[in-house]
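Close look at the chain arrangement
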Amino acid sequence: MRKPLSRWIVALVLLASAGTVLAFLVPAPTAEAIAGPGICTYYSNSSYTTVVGARGTGCCGAVIHWGVTSAFKRCEVLYCLDVLCPQTE
């Protein structure tokens, strides 16, 4: 009777280990895929020195949309912990 029980325990340990490994292998979502405030800044080339545009959403829901987009971008999530947004009706 002990053998089937030990096989179940080994199977559960292996399953839990596989789940932990998969959790670390799955890439974290980019700022574009995260709901909430975030912005992507677009640059003219791979040196990332000249900003040519931006897209995103501000802390209070304002749309950020200026300039042009390019293949060279950096995205980030905005953490708005100390921002008080005006009431909208």
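Cut-off values and rules
- Residues numbered from 1 in each chain as written.
- Predicted model: local features only at pLDDT ≥ 70, side-chain atom pairs only at ≥ 80, totals over all residues.
- Heavy atoms only, no water.
- Phe/Tyr/Trp six-rings, centres within 6.5 Å; stacked < 30°, edge-to-face > 60°.
- Helix = DSSP H or I, 4+ residues; strand = E, 2+ residues; numbered from the N terminus.
- Buried < 20%, exposed > 50% of the residue type's maximum accessible area, 1.4 Å probe, protein only.
- Lys NZ or Arg CZ within 6 Å of the ring centre and 35° of its normal.
- Pairing = 2+ DSSP bridges.
- Disulfide = S-S within 2.5 Å.

Moving on: the packing of aromatic side chains. Tallied over the full model, the rule gives 2 aromatic pairs. With a centroid separation of 5.2 Å and 65° between ring planes, the pair formed by Y43 and Y48 is classed as edge-to-face. For the ring pair Y48 and F72, a centre distance of 6.2 Å and an interplane angle of 90° mean the geometry is edge-to-face. Of this pair, Y48 sits in the loop between β1 (38-43) and β2 (51-57) while F72 sits in strand β4 (residues 72-77), placing them 24 residues apart in sequence. By relative accessible area, Y48 is classed as partly exposed at 25%. Accessibility expressed as a relative area gives 28% for F72, which makes it partly exposed. If you follow R74 out to its NZ or CZ, it ends over the ring of Y48, 4.1 Å from the centre.

Turning next to the pairing of strand β3 (residues 63-67). Relative to β3, β2 runs antiparallel, the two being bridged by 5 bridges. When the bridges of β3 are listed, G53 appears paired with G67. Hairpin connection between β2 and β3: a loop of 5 residues separates the two successive antiparallel strands, and G61 in this loop has a positive phi of roughly 95°.

For the structure on display, the rule yields 3 disulfides. Between the sulfur atoms of C40 and its disulfide partner C75 the distance amounts to 1.9 Å. What sets the handedness of the C40 and C75 disulfide is the S-S torsion sign, and at about 110° it is right-handed. With C40 in strand β1 and C75 in strand β4, this residue pair connects regions lying 35 residues apart in the sequence. Here C60 pairs with C85 through a disulfide, and the sulfurs are 2.1 Å apart. The disulfide joining C60 to C85 has a torsion of about -90° about its S-S bond and is therefore left-handed.

This part takes up the pairing of β1. Among the 6 residues in β1, 6 count as buried, and that is most of the element. Side-chain alternation along β1 places G38, C40 and Y42 on one buried face and I39, T41 and Y43 on a second face that is also buried. Both β1 and β2 contribute to a ladder of 6 bridges, which runs antiparallel. Within β2, the residue paired with T41 across the bridge is A54. Here β1 runs beside β4; their pairing, made up of 6 bridges, is antiparallel. Within the sheet, the bridge partner assigned to T41 lies in β4 and is R74.

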